[in-house]
Structures are given as structure tokens and as C-alpha cells.
Number of protein chains: 4
Amino acid sequence: MTTLSPLVPSVFETVESEVRSYCRAWPVVFERASGSRLHDEHGRPFLDFFAGAGSLNYGHNNPVLKRALLDYLASDGITHGLDMSTTAKRDFLEAFRATVLEPRALPYKVMFPGPTGTNAVEAALKLARKVTGRETVVSFTNAFHGMSLGSLAVTGNSAKRAGAGVPLPHATRMPYDRYLDGAMPDFLWFERMLADPGSGLDHPAAVIVETVQGEGGINVARAEWLRGLADLCRRHDMLLVVDDIQMGCGRTGDFFSFEEAGITPDIVTLSKSISGYGLPMALCLFRPELDVWQPGEHNGTFRGNNPAFVTATAALDAYWRDSTLRDRTLGRAARVEQALSELCGDDGRTALGYRGRGLVWGLEFADGERAAAVCRRAFELGLLLETSGPYDEVVKLLPPLTATDDELDEGLGVLTRAVRHTAGRAAS
Amino acid sequence: MTTLSPLVPSVFETVESEVRSYCRAWPVVFERASGSRLHDEHGRPFLDFFAGAGSLNYGHNNPVLKRALLDYLASDGITHGLDMSTTAKRDFLEAFRATVLEPRALPYKVMFPGPTGTNAVEAALKLARKVTGRETVVSFTNAFHGMSLGSLAVTGNSAKRAGAGVPLPHATRMPYDRYLDGAMPDFLWFERMLADPGSGLDHPAAVIVETVQGEGGINVARAEWLRGLADLCRRHDMLLVVDDIQMGCGRTGDFFSFEEAGITPDIVTLSKSISGYGLPMALCLFRPELDVWQPGEHNGTFRGNNPAFVTATAALDAYWRDSTLRDRTLGRAARVEQALSELCGDDGRTALGYRGRGLVWGLEFADGERAAAVCRRAFELGLLLETSGPYDEVVKLLPPLTATDDELDEGLGVLTRAVRHTAGRAAS
Amino acid sequence: MTTLSPLVPSVFETVESEVRSYCRAWPVVFERASGSRLHDEHGRPFLDFFAGAGSLNYGHNNPVLKRALLDYLASDGITHGLDMSTTAKRDFLEAFRATVLEPRALPYKVMFPGPTGTNAVEAALKLARKVTGRETVVSFTNAFHGMSLGSLAVTGNSAKRAGAGVPLPHATRMPYDRYLDGAMPDFLWFERMLADPGSGLDHPAAVIVETVQGEGGINVARAEWLRGLADLCRRHDMLLVVDDIQMGCGRTGDFFSFEEAGITPDIVTLSKSISGYGLPMALCLFRPELDVWQPGEHNGTFRGNNPAFVTATAALDAYWRDSTLRDRTLGRAARVEQALSELCGDDGRTALGYRGRGLVWGLEFADGERAAAVCRRAFELGLLLETSGPYDEVVKLLPPLTATDDELDEGLGVLTRAVRHTAGRAAS
Amino acid sequence: MTTLSPLVPSVFETVESEVRSYCRAWPVVFERASGSRLHDEHGRPFLDFFAGAGSLNYGHNNPVLKRALLDYLASDGITHGLDMSTTAKRDFLEAFRATVLEPRALPYKVMFPGPTGTNAVEAALKLARKVTGRETVVSFTNAFHGMSLGSLAVTGNSAKRAGAGVPLPHATRMPYDRYLDGAMPDFLWFERMLADPGSGLDHPAAVIVETVQGEGGINVARAEWLRGLADLCRRHDMLLVVDDIQMGCGRTGDFFSFEEAGITPDIVTLSKSISGYGLPMALCLFRPELDVWQPGEHNGTFRGNNPAFVTATAALDAYWRDSTLRDRTLGRAARVEQALSELCGDDGRTALGYRGRGLVWGLEFADGERAAAVCRRAFELGLLLETSGPYDEVVKLLPPLTATDDELDEGLGVLTRAVRHTAGRAAS
């Protein structure tokens, strides 16, 4: 592979802020993309097991969605609509109701809180506090919910938190499923604090949880743990907020990641793959009795990103009218698990373990350096992978749900080679 | 005009949250838009003096930008790019440097903080606190900076603040220009507090200001007041943040609204019209010595909305390579001012006054009811206008910068009629 | 004067914390005291124009109070009583009602919040927030209300605030009377913020004010300003809290310092001279309709300091059954004012001005160094004086109310000499 | 027993705030006290197993201390001294050094933070935050540290917390020893959070702990748990603050309650019995390298309560020059334990268990009603007892350390009878 660092500093280096990060790991300039592959400006292809951090469940520039988007734009459909009623929004709401809400008997009202995940989390927490008149929100170890102050307060990562520059109050942390490796019965500490008027835990407005912690290291909550949490919330009058921003939209198989557990959260946040095309869009869903907002009490300039509504509608129509995609995702989970199992069984490669659901998987290493080496080597071999976890010690597999069997095998093969190639380095 | 309320509740009423607002004022379903006009689903046209709350400075679906966008999407250019280097981002950065930064000798680094205004404000405040190690930020009466907790804390509107459900600390309010109608010399209170170790004002990290307060009621700061503020910040070691989200991108004539005053803020936020096409995009600009971010310390899923980079680049190329647009905007300011002056001079119409710069103007009424009546009547007459100000008492004129002379005259004519038609109602 | 610094470090230097302060200004070891004088361990007398920072309005070891205290202790009266009913508490409550409340037609309930000023302020603010359900409290520039976190948040002094180690939220500062030297009409900024729903001022629970700011530099609020403030509170539904800890108990003439203005605060805090003997004791008084405390909701180990109740009762009996003390204090105000006027009229001594009420006066110098030099010289000449103000630039006169005419003249004479003696140093 | 409620409301009912509490449980008016007994105004004696909530370890009006106090007052010793050097303070510091610090090889500096427990806790937390530059303080379930905002934030009791009227931030709760009944290894959760950069626990400045939680229900930490905590603090660079306000001064046998565990806290707070006579006094002790206070950075009007210094010195001289009191206290622990053991062994009395150390013991009942009934009956039988614990379900035994054997037996006998007498009521 030829060197990618130019002799003359690029505009990225001279003008873009030091806060940039992915471009450091993947030092090429990407130009186009299609399905499971990106191409750099020299035409070099990369297989994408990163999928826009979960924003591209249907692949890059999915042709069905692309057609709908191009037609809409060409016809001068509304592009920017704040929260005006538009035909594109109506189509989306009707499709969402027919395809997502009604088949699951979910009674949710739909809020457009602004087009990013953190907008949705901020809206969810504001609503939970407004409804209950309480301030404390419980979140979990290694949770990730966003970068604005309200969301950051319920996020665990200390490096992200350090960026706030102010204290991050009104949040209490509880151990995520298996955080203490079974050393304490589930929810014992949480329930004891709730029951004890001397515990110092001010009665929480809500609990916010990811069913699988993506940024936190692909930590997978068991269905019974999620049911236990939902039950705890009900018994102690706390709203249950599922942040399904990364794990929703089919990533774990079902449209919502919490369906497997058979629970119905009070509030759900969606973003990333909801537009289906990588366009900014987010939703906040909640039980109708929680819809106590005053008109405009929460707003935002881009809450009506109509081109995203168009692709979102097309995605619902294409992938969620039947269970084909869901079933395929669940089937592929077995294939990925098998590959990771073999990889971990192969001595000397230092992967400590693997875990996942649907098409989100993590391969854990002893430290972040090894995981980074694996990702670097994979990149050299043409595969995009990122790390996650508190020490960046987990290689995260997030292929498009629409990847072909061959692409899936190809990616797993490259991963296997990258792990092998870096085994020696790690030992040194 | 026929009734627009259907007998059967629409999906907007049954599924969308009560938080929706603009759709209540304009009870039609919009379908397409072009230039200065929107059309509802029945083909009825509306002249747009609202412009996406300042997001559509170049009009709806501007054909130059549209061409670039369609070509990019058709060619499978990268859609979702996080902060990967892409050709679309490079083109934007180069155009922004060549067209905006270098001609103005502005040394800024460019950060992509997530694609909405509140993302940019959160990033700006985090950075100011991180750089200075201080927590307090000074903002102004009737400021509007966004809905996430960090931005809401520096926003004045009590109805918006009430949605937070938690206290909004670390912010101190100062009077905006002319807030006290000249009853106190500019900055006397602010400077006295800064100078006095007993004042109780913890030394601020930064001051955040809009040069014209859009949501706050079209309050226009004088150039000398802005210079005084910049000077105060320099003398007292506070970072000056100009939130140019609504007033930037040519709304007041110059690309940045602060150019007229000849000041150079330490940090600038841009969003709304930066993409030019109404697509979600935001920037945070700052002096290079402030670029102390760790890689990824602030992040966000949609900070690399590449289609928006494409339209942004096209907009810079089309409108900011010379001073044509700027000069036209400044020329039209005189035309609008003349019309509003006549409207206010006409006794019995109860407009209390007008104010503005470039193509942002406000017409103030005695109360919000009258202003709402004017907007309702204008809507019936085919013109979209919204109110702003603490009591929603100011009718806000925000036409596209690309509106034709005829469109401008048409809108001003409708406004005049709407004011006249509602004069009787207000008197009752 | 012989040197007072021993060759061998004292236990004060080796064991006591560096936080100690007065002992640095007055490097002697005091042993006994009586009336207006303290004596050090070598028998050297010092005239006391400091009076325990206002805790010794009736002088040191006042014989009337001393007799009552010794009798009580000798008879094994209850010493420590928490909030048990005791005869000593009953006597105090009856005397306070008969001597203080009923003659002034004040309807207050009496709370024993713990025996220090900051306990009383914390209780007052908790109650105001509990009653109103709001969080913000307005305090004034250069206010001093105490060192615990709740009180410190409404205190202005930056050096004190810096000790908190955490942000001090929920407080908003307003300019004290004459803070802006008349450059703005009284309360214009405050009232404008209250009236404007876009100002960013969350509706305050309460306003806390000192009628004369002792630590803040002997800033004397005019009666009409206090009346204006009381009126503002009433019109805007904010509780008015007068912190009369330093200025109450006759310091300004009347028992309460706010009587002159003819206002009735909703809540009043008292401490310092309420026990009359320098024993720790504090009260929080409030309108009966505010008495919404649950039993024990605020408590404290030493809230029933019965020996203090005994001396407090004796002080009320001795000094507040008629207007003798009050009238004498008001008469002496004229005498002090006359002396300070002459001192300021005398060119070249660099005192900038003076101000005061009753027997609290301040003599302002150009800087803290000069004021400190005056106090140091006064100490050498046998007079105890301290400084106050944001720059410690004000020499504070706080003689016992029971000082004789000769003592008053003596102290004023020493002060005059100290100012003269230090004139040259200041010029250098 | 005749009724104690007068027909005419007393001044306590008409003038004192509803916040009063103990006087409701003990509806008599106390007049004098001596040793272990109080007498009401009718001469009726009560044996005191409450001891001023731990403020009267040496009994009421202890004659040795009384003599010293009367002599001091009679001789016109300094009463109120702020932080001036006085002979009384010197005597105290020298006695404290000689009697307490040097024999235990404790290197502490001594701070007089104001005369109440909450003053001392506020000072301790301010110092810990100032030294470390961090904000979070870890406290424990059912902790009680005081009523001012800084102390209340680390207190567990929800009824007390509700009085704050504002959020209580910067505190994180951990389970106290045996809180989860052994269901989790000690400190597993705490250590896991400290070690994990994704846990969401901002690195704490300090941990504050009581060795025995008095208000929390007489929860006794084991020595190995305290050692584990001290070790955890050292390994993770957190300051260890022992709040010894109620358990210090010999209550558990040793002067400091943490001596048994062999640990040396970084900061220690003392109050309650430090003056020995029930007079307000408090200390904050800390390692000399933590003494980073600026002069006067924390202050308070009554931090120099010299009469308290006199009785404190007398108490140290009388009780802490040898181990007599300590040994006697430890010996009596066995006697109390024996009595409580028999009481719990006796079926049908519904006491669930007992626990304690030295002369602080708790007898736990099924609910607060039963515990209150026991205390009411004990009062009728002439014994003062109070309840504690999150449900007020624990009867707390806190006799003076100076109680005679007969008094101890008498009190335990009355307690036994009170438990028996109330057995039927609880069953109903």
C-alpha cells in the first residue's frame, strides 16, 4: 500500500479542527459508495463493516431509496419544512404507523425533535422530567447517549464527559447487565436504593437504557434483564426510555431491539438508520398520555428534514412490510457468531471473547492497542472496522443488514487475517 | 378560502406529538416549493417571507444547488461520512477557505459539530469552558441559542426554559443593546461586575451574542455596541462567541453579520443557511489557538452530511465569489425599510415600530394577539410570516435573499393589507 | 511597642490551620474583656471598635447578662436542649414576643435553625424555595450571607466563593443601592427582567438583602430603596428576606434595621448579637403562613443553646423594654458622622468618604493597603478596627452600642491619629 | 401520668415554628439537668439515654467542666473571639495536641470552622474539593452529615433532602457496610466504577463516612470494611473524610471511633461532645499538607466560642489523660449487648435485632410505629430515648458515658418494660 500522507498538508490538516477522528484511522479521501462498499478518490474499494456507526443499515446509496430521493428532489418537493405539515411527512407518518406501530400494537405518538440522536435524547429526558416533575435520571455504566449537555450527563465515557467543562448533574449510574459478572443479583442495589428512603437516591424521573451498548463495547443485555428493568420501572413509577438510536431499525433483527424481550418502553428514541439513507433524522416516540408538550416547547430548525422522510418511507416500504430482512438478519447472526467462535477458539490470537445480537458484534481484546492494530490491518486489507468499549478494546462489527453472503464472508475472512497478522505484534 | 380542517382527523393530529407548532398556524399540507414560493397539495401558492426561519436564504430548491445535489447523489457520492475525509468535504473546506475565510483574513479552524444549530452552540460553549477552565457564560436578554440543555441555559425564553425540567445553571444574563432604552450607559453594569471582586459574578469563560436577535424580536445591536462588547471581552479575558446561525450566510448583507461592526469573534457558530438548500449542517469556527480538542472529544453521527457539503459548496461558488448578493441585500434593506416606515406612519394601524438590517426586519405590535392576527390574515392572502419576540408581538420578515423585486413588493403589499384588515379587530 | 512574634512558634502557628485570619492582624493573645475593652495576656488594654463583628452590641461580658448566665449555669439549668421545650426557651420566646414582636405588630413565627448566621440563612432560603416551589434567589452585589454552600451562593465575595470548589447555582445578582452611582434608575434592570418573559430570569423564589452591607463595605441602602424593593417583591410575588444578622439587634438604632424604612420582610434572619453575650444563637423569623416545615425537616444539634436563650432574654429585658438604647444609638450616629466628616474634610489624608447608620460606619480609602495601614496603626495605638469592602478598602467602625461617650471619643480620636500617621505611607 | 397538653396553647405552639420536633415526643418543659438526668419544671426526673444526640457524653452540667466554665465566665475571660488568639484557645490547642493528637501520632492541623457539625462538614468538603480540583464526593446510604446545602447533598434521608428546594448535586452514593447483606463483595461496585473509564463516575475528590451511622439507624461498619475503604481511597487517590461528629469523643470507646480500625483519615470532623458541656463547638482536622486555605477563606462568626474551649480543655484533662473512660465504655458495651440480647431472645416482643459499639446501640423493630410506641412508653416510665433509621424503626441508646452502673441498669430495665408493654399494641 502506498503512503497516503501527502507532502503538502491537506485542507483537512490545515483548516479542519483537531477534533476530527475517523479520518485519522482511515487516512484516505473517500469519494463514492454503494451498498457495502466505499471507494476512495483513487478508486480503491473498502468493504464497510462500520456502516456509518449504524446509520447505514440498508447500505450506502441504496438504489430503492435513491430513486425515491432523486424523484422527490427533482420534483421540487419541500426540502426544509420545520414542523409544517407536508405530503412527505404525511407519507412517512402513515407508513410508520402502518408498518411499525400498528403491527406491534405500539400506541406511540411521534415527535420530530431535531435530526440527530442527541436531539432525541434531550427531548426524551426533558419530557420525562416534565411529566414526572422529578429531575434524576438513571443511566447505566458504559452508556452512550450523546454530546449535548443533557445527553452527556447520562453518558458514561470519561473522555467525552471531560469535554463538558461543567458538572453533569441529575444522573445516577447503575450497573448494566453483567457489569459485575454475576457478583450481585440483578437490580439488587437499584431496588434497595429505591425502596430505602434513606438511600440518598432522589426518586428518578426515568431510566434510560440501550439494549445493546454499541459505543460501550457491544454489551448485550439479556432479555430477562430488560424485562426485570421494565418491571422495576413499573413498580417504582419511573419512565423507561429505550435509546434505540444505534440498535433500532433492524440492527438486532426486529425493527426495535427491545421487541425480543417483549417489553414496551414508555419513551423510545430513534435516529441513525431511520432515514435509511444516512440523512439526518430522529424520532422520539412515547405513550400518548405522556404527550404533555406545549406547542413549540421543544423545537429545532431541521426537525422537518423532508428528503429524509422520503427515504425513510421508502425504507419502511422496502424492508418492513414483511419479515424478510428481520429473518435474514437473525440468520446471519448465527453465521457471524460461528466465525467469531472459531476465531476465539484459535489459540494465540489473544481475542478474549465475542458477543452480539443480530448484526452487531464485538470481538474483545486484552487492550485497546491490539484492537487498534486489528482495525489498522483490516483497513490495509480493505475492510473498515472501528473499536469501542471503555478502553477501545473491542472491535465492533456493524455490517450493513443488506450485505450479501459473500460480503459477509469476505469481511469475516479479512477480520480473521487481521487478527492473525497482528498476533505477533501484540505479543511483542 | 375553503376550510382546511378535515372532518376525519389527519395523521398529524392522531400520530404526531402536540409539540408541533407551525402546522397549527398554517393549516395546509405543503407539497412542493421553488424559489420564494411554496405550494400546498392542492397547488395553492404561498409567498415565503419566513424562509425556513432563515435556513433558505437562497430560496427553495435553488436550481444551481439542486443541480449539484442531484449530480452528486446520482453519482453515488458519499452520503453519510461521519468525520471521514471525503472529496465533498474537501471541496467545501477549500471553497469556504477561499470564499469566506481568506478574503476576510479570518484565521478560523472549522469544526463540524453535528448538523444543527444547537450542536454548534453546545460545541462552542464546551470549547470555551475547556480552554478557559471557567464555567460561567454570559448571554443576553431575549437570546435564543437552542433547545439542548447547554444551549437552553443561555436562551432567554421562559416557555422554552420551562421545558428543561431541571435548573439551567452556569449562565448570567446581561442587557442586550437598547434593552433599557438608554437608561444606562452600555456595559456599565457588566463592566462594574467584572471589575468588582465582590460583585458575585464568577469570571466568565465567554460571552455569547447574536448581532440581531431573531427569535427575540428582531432586536438589532448597533455596530458600536458590538465593538464595545468585543473590546470588553478583550479587556476582561472572555471569549466572544457570535451565534451567527440565523443572521449569518448573508442575511444582513455581508456573509457574517458581524463584519459590519469590524469585529473578529473568537468563536462563531453557523448553521441554517450554510448548506444553502435547507439540509442539516452546522459549523463551529474558532481561532486556531483555541483548537484544543482531543480527537473525537465532541462527536455526532451526522456531522458529515456530505450532500449538504455539496450544496454548501455550490452556494459559496454561486453567491460569495463576488459582492453581488451582498450589495443587493443591502439595497433591498432600504426598500423594506421604506415600506415599513410608511406602514408605521399610517395612523390607526397600531404598529408600534419597525427595525432590521439587510433582509431581516421586524414590525412590532402592541401585543401578540394583533401580531398573530396579522400573520393569520397574511396567510389567508397567501403570504407566510411568523412572529417572534417575548410576547410574540413582532411580525418577522425573512424573505429569501434571492427573492425578486416583484416578490418583495408583493409580500410587502400583502403585509400592508394584512395590517389594515386587522386594525379593526385589534381595536375591539 | 515590643515585638509580639515569639521566637518559638506558638501552638497557633504549628497546630491551627492557615485559615485563621484576625489573629494575623492583631498579633497578641487576648485573655479577658469587659465592656468596650479587651486585654491581652500581658494586661494591655484595647478599645474595641469591632465588637465581635457585630456580635457584641452590648459589650463584652455585660454584667447584667453575665449575672443571669452565671445564675443559670450555677443552678444546673438545661445547657443543651435541641428543640425540647425548656423554661429558658419559654422565657426567651415570651420576652421576644412581648419586647420585639408585639410592639412592632410583627406576626412572625420563630425558628431556631442552628446557632450560626449561615444556619439561619440556609433555613431561610430552604423555606423560601419550599413555599414557592421555585429555585432562583436574587441577592445583591457585595452581599455577605455565609460560608455554607447555600449561603455562599448568594454571597458576592470572589475569594470566599472560590473556596466552594463547586459551582454556586440558583442565584442571580442585582445591583445594590447606589451600586451604579445613579447611572440607572433603581430596580429598572430588575423589574425589566421580571416583566419580560424573554429575559432569561427564572421567576425568583425570594430576594435576600442586607439593609447595610457590613462585609461588603458599609454600603447603606436608603429607606426609599428598601421600600422600592419591598414593593417590587410584593408586585412580583417574591419573598423578601432581610438578613439582619449583623445589622439587627439595635446596631442601626431600632431593634431591626428595616424598621426605619417601614417595611415588613417575609423572612428575617438574626444571629450575632441576639444572645447579647457573644454566645452562638440564631433565629429565622417568618410570616406564619410560610410556616410549612415538617417537624424536623430542618434540624441541628445546637439549635437549643439554652445559656444563649438566658442571656438573650436578659438583653431584651435590659435594653428593649423602652427606647433608651435606640435613642442613644441614633444620637451617637450624629457624633460619629461629625468626626468622620471632619476627618474627610482634612485634605491629604486620602479618605475618600464615609457612610453609615446608627453605630455602623465605614471610612473609605483609595485602596486596601491604606485601609490596612490605618488599622495596623490603630492597633498599635490600642484600638481594634477591621476593614471590609471588595478591596478591603473600607475601615469599619462597629463599637459596642453600650460604649460610653468617652470611649466613643477616644476611639474616634485614635482613628484620626491613625489616619494622619499613615498619610505619608500611602503617598509613597 | 397527668396530661401534659395545656388548655391554653403555649408560646411554643403559638410562636415557635412547626419545624420543632423533639418537644412533640416529650411534651414537658424541662428546667434543669445534672449528670444522667433531666428534670421538668414540676421536678419530675427523666433518665437520659439520648444525651443531646451525642453532645453530652460527659453528662449534663458535668461538675468538673461546670467549675471551669463558671470560673472563666466570672473572671471575664474572652467570650466571643472569632479567630483571634486567646489564652482559652491556646489552652485548648495545647491540651488537644497533648491529649489527643500526640499520643495517637496524628499529625493533624486543627481548624475551627464554625461551632456546628454542618459547618465542619462544609469546611471538610470545601477543602477536599479545593485540594483535589474535583467536585464529586462519595457518601453512603443512610449517611447523615447536616442540613446546609453542602452537607445535605451527602446526606441520605429523603425527608431532609426534600427540604432543600434545589437539586443536591456533586454527590454519589455507595452502599454502606452490610447494606446489601453480603450479596455483593465489599467495594466491588465502587472499585469497578473507579477502574472503568466508561462507568460515568467522575473521579471523586473524597469519600465521607461515619464509622457508625447514628441517624441512619445505628449501622456499625466493621473494622475490616473501614480498612478496605481507607485502602480504596489510597489506591484511587481520594481523600478519606471521617465524620466523627456523633461517634467521636469517646462514644465508641476510643477518642476517635476510627482508632479501632487502625486507619488514619485525611480529614476528620468533630463537634457535638467536643466541648463536653453541650456548648456549640466544632473542629475540622486534616493532614498538614492539605492545609491550603487562604486566610479567612472559610470563616464564621462563632468559630471562636471561647467558653466552649474552656469546657473542652477541662473535658480532655478530666477524661483523656488516661484510658479509664475508654476502658469503662468498652466494658459497658458488653453489659448493654447482654441486655439487648436477652430482650431480642424473648419471643413475642418483635424486636428484630440489635447492634452497636461502645455506648451507642440500636434496637431494631419491624416498623417505625412500634419503635415510636416503645419510646413513648419509655418516656412515660421516665426514660428519654429517640428513634433513628430510614423508617425511624430503630430505638437508639445513647446514654452519657459517665452514667453510673445503676443508671445503666435502670435504663435498660425501663427499656425492657417499654418493649414488653408495647408488644400487644404492635400486634393489633
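Quick caveat, the model's predicted, so the values are computed rather than measured.

### Brief notes about the overall build of chain A
A count of helical and extended segments in chain A gives 15 helices and 17 strands. Against the 2.2 N^0.38 benchmark of 22 Å for 428 residues, chain A shows a C-alpha radius of gyration of 22 Å, consistent with a compact globule. Across its three principal axes, chain A shows a C-alpha extent of roughly 60 × 60 × 45 Å. Put simply, chain A has 428 residues, and 67% of those count as buried. Relative to all contacts within chain A whose residues are 6 or more apart in sequence, the contacts with residues 24 or more apart total 73%. Accessible surface, chain A: about 13000 Å² in total, of which carbon and sulfur atoms supply 49%. Here chain A contributes 44 positive and 54 negative side-chain charges, whose respective centroids are spaced 1 Å apart.

### Here we look at the relation of the copies chain C and chain D
Note on the chain copies: they are related by a rotation about an axis and a translation along it. Its rotation angle being 180 degrees, the transformation that places chain C on chain D also includes 0.0 Å of axial translation and leaves an RMSD of 0.0 Å. Expressed as a symmetry operation, the mapping of one chain copy onto the other fits a two-fold axis. Looking at the rotation axis and the C-alpha trace of chain C, the residue lying nearest is L149(C), at 2.7 Å. Most of the interface of chain C is mirrored in chain D, where 100% of its interface residues are also at the interface.

### Quick notes on the sheet that holds strand β13 (residues 351-357) of chain B
Residue and element names in this part refer to chain B. Strand order in the open sheet made by the four strands is β13-β14-β17-β16, with antiparallel pairing throughout. What marks the edges here is a single partner per strand, and that holds for β13 and β16 (386-388). Across the sheet, the mean angle separating the axes of adjacent strands is 30 degrees when strand polarity is ignored. Sheet strands touched by helix α12 (residues 324-345): β13, β14 (360-365) and β17 (394-397). Its angle to β14, the strand with the most contacts, is close to 10 degrees.

### Regarding the pairing of strand β12 (residues 283-286) of chain C
Residue and element names in this part refer to chain C. Alternating residues of β12 divide into L283 and L285 and C284 and F286, and every residue in both groups is buried. Where strand β4 (residues 109-111) meets β12, three bridges bridge the pair, whose relative direction is antiparallel. When the bridges of β12 are listed, M111 appears paired with C284. Where strand β11 (residues 267-270) lies against β12, four bridges are found, and the strand directions are antiparallel. Looking at β12, one finds that T269 is bridged to C284.

### Digging into the interface of chain C and chain D
Between chain C and chain D, the residue contacts involve 102 residues of the former and 102 residues of the latter. The junction of chain C with chain D conceals about 8900 Å² of combined surface from both sides, 60% of it contributed by carbon and sulfur atoms. At the boundary of chain C with chain D, the tally comes to eight salt bridges. A salt bridge links E16(C) to K89(D), with the nearest nitrogen and oxygen atoms 2.8 Å apart.

### Examining the side chain of S17(B)
In this structure, S17(B) sits in the loop between α1 (11-14) and α2 (22-25). Side chain to side chain, S17(B) and D291(A) meet in a polar contact 2.8 Å long. Every residue in contact with S17(B), bar those within four places of it in the chain, is listed here: K109(A), V110(A), M111(A), F286(A), D291(A) and W293(A).

### Quick look at the sheet that holds strand β15 (residues 383-384) of chain D
Spatial strand order, β1-β2-β3-β15 (chain D): four strands in an open sheet with mixed pairing. A strand with exactly one partner marks an edge of an open sheet, and here the two such strands are β1 (30-34) and β15 of chain D.

### Side note on the interface of chain B and chain A
Taken together, the contact between chain B and chain A spans 102 residues of the former and 102 residues of the latter. Both faces combined, the contact of chain B with chain A buries some 8900 Å², and carbon together with sulfur accounts for 60% of it. Summed over the three residues of chain B that lose the most area to chain A, namely V19(B), S85(B) and F302(B), the buried surface amounts to 7% of that side. Inspection of the region where chain B meets chain A yields eight salt bridges. With a closest N to O distance of 2.5 Å, E41(A) and R90(B) form a salt bridge. Inspection of the region where chain B meets chain A yields 49 residue pairs in polar contact (both at pLDDT 80 or more). Residues belonging to the side of chain B that touches chain A are distributed by class as follows: 46 nonpolar, 30 polar and 26 charged.

### Examining the pattern of salt bridges
Across all of its chains, the model carries 139 salt bridges over all chains by this definition. One salt bridge in this structure joins E31(B) and R32(B), with 3.7 Å as the shortest N-O distance. Relative accessible area serves as the criterion here: at 32%, R32(B) is assigned to the partly exposed category. In this structure, the salt-bridge partner of E364(D) is R355(D), at a minimum N-O distance of 2.7 Å. Taking the relative accessible area as the measure of exposure, R355(D) reaches 25% and is therefore partly exposed.

### Points about the relation of the copies chain B and chain A
In screw terms, the move from chain B to chain A is a rotation of 180 degrees and a rise of 0.0 Å along the axis, fitting with an RMSD of 0.0 Å. Most of the interface of chain B is mirrored in chain A, where 100% of its interface residues are also at the interface.

### Some thoughts on the state of the cysteines
Residues and elements named next belong to chain B. Counted under the stated rule, the structure contains zero disulfides over all chains. C23 takes part in no disulfide bond, and the closest cysteine sulfur to it belongs to C375, at a distance of 16 Å. Residue classification places C23 among the buried positions, given a relative accessible area of 9%. Among the cysteines around C375, which has no disulfide bond, C344 carries the closest sulfur, lying 15 Å off.

### Quick look at unusual backbone geometry
Even without a glycine there, the phi angle at A51(A) is positive, about 55 degrees. Looking at the secondary structure, you find A51(A) in helix α3 (residues 51-54). Overall, A51(A) belongs to the buried group, its relative accessible area being 0%. The phi angle at D76(C) is positive, at roughly 60 degrees, despite the residue not being glycine. Relative to the helices and strands, D76(C) is located in the loop between α4 (63-74) and α5 (87-101).

### Comments concerning helix α9 (residues 188-195) of chain B
Those residues of α9(B) lying buried are W189(B), F190(B), M193(B) and L194(B). In an axial view of α9(B), the angular spread of the buried residues amounts to 130 degrees, which keeps them on one side of the axis. For α9(B), the secondary structure elements touched by its buried residues are β5 (137-140), β6 (171-174), β7 (206-209) and α10 (223-235) of chain B together with β6 (171-174) and α9 (188-195) of chain C.

### Notes on the domain arrangement of chain A
Residue and element names in this part refer to chain A. In terms of domains, chain A is made up of domain 1 (11-63 + 324-427) and domain 2 (77-319). When each unit is reduced to the centre of its C-alpha atoms, the spacing between domain 1 and domain 2 is 26 Å. Counting residues at the interface gives 33 residues for domain 1 and 28 residues for domain 2. Buried area between domain 1 and domain 2, both sides added, is near 2600 Å², and the carbon and sulfur share of it is 48%. Inspection of the region where domain 1 meets domain 2 yields three salt bridges. The closest approach of N and O atoms between K396 and E215, which form a salt bridge, is 2.8 Å. Taken together, domain 1 and domain 2 are joined by 20 residue pairs in polar contact (both at pLDDT 80 or more). Every element with two or more residues in the side of domain 1 that touches domain 2 is listed here: α3, α12 (324-345), β13 (351-357), β14 (360-365), β16 (386-388) and β17 (394-397). Top contributing element to the side of domain 1 that touches domain 2 by residue count: α12, with four residues. Considered class by class, the residues forming the side of domain 1 that touches domain 2 number 15 nonpolar, 13 polar and five charged.

### Notes on the packing of helix α12 (residues 324-345) of chain D against helix α14 (residues 405-421) of chain D
All names here are of chain D. Closest axis-to-axis distance for the α12/α14 pair is 11 Å, and the angle between their directions is 15 degrees. Between α12 and α14, the interaxial angle falls into the category roughly parallel. Read as a crossing pair, α12 and α14 show a hand that is right-handed. Packed against α12, whose contacting residues are R332, R335, V336, A339, L340 and L343, the element α14 presents D405, L408, D409, L412, L415, T416 and V419 at the interface. The residue inventory of the contact of α12 with α14, partitioned by class, reads eight nonpolar, one polar and four charged.

What counts, and at which threshold
Residues numbered from 1 in each chain as written. Chains lettered and ligands numbered in written order. Predicted model: local features only at pLDDT ≥ 70, side-chain atom pairs only at ≥ 80, totals over all residues. Heavy atoms only, no water. Helix = DSSP H or I, 4+ residues; strand = E, 2+ residues; numbered from the N terminus. Rg over C-alpha atoms; globule rule 2.2 N^0.38 Å. Buried < 20%, exposed > 50% of the residue type's maximum accessible area, 1.4 Å probe, protein only. Contact = heavy atoms within 4.5 Å. Areas by Shrake-Rupley, 256 points an atom, 1.4 Å probe, with all protein chains shown as cover. Lys, Arg positive; Asp, Glu negative; His and termini not counted. Charge placed at Lys NZ, Arg CZ, Asp CG, Glu CD. Least-squares fit on C-alpha atoms with pLDDT ≥ 70 in both. Pairing = 2+ DSSP bridges. Axes fitted to C-alpha atoms, helices over the stretch in contact; angles between N-to-C directions. Buried area = accessible area lost by both parts, 1.4 Å probe. Salt bridge = Lys/Arg side-chain N within 4 Å of Asp/Glu carboxyl O. Polar contact = N/O pair within 3.5 Å; in protein donor to acceptor, adjacent residues only side chain to side chain. Nonpolar A, V, L, I, M, F, W, Y, C, P; charged D, E, K, R; others polar. Disulfide = S-S within 2.5 Å. Arc of directions from axis to C-beta. Domains from an automatic or database assignment. Parallel < 35°, antiparallel > 145°, perpendicular 65-115°, else oblique. Left-handed = near helix turned anticlockwise from the far one by under 90°.

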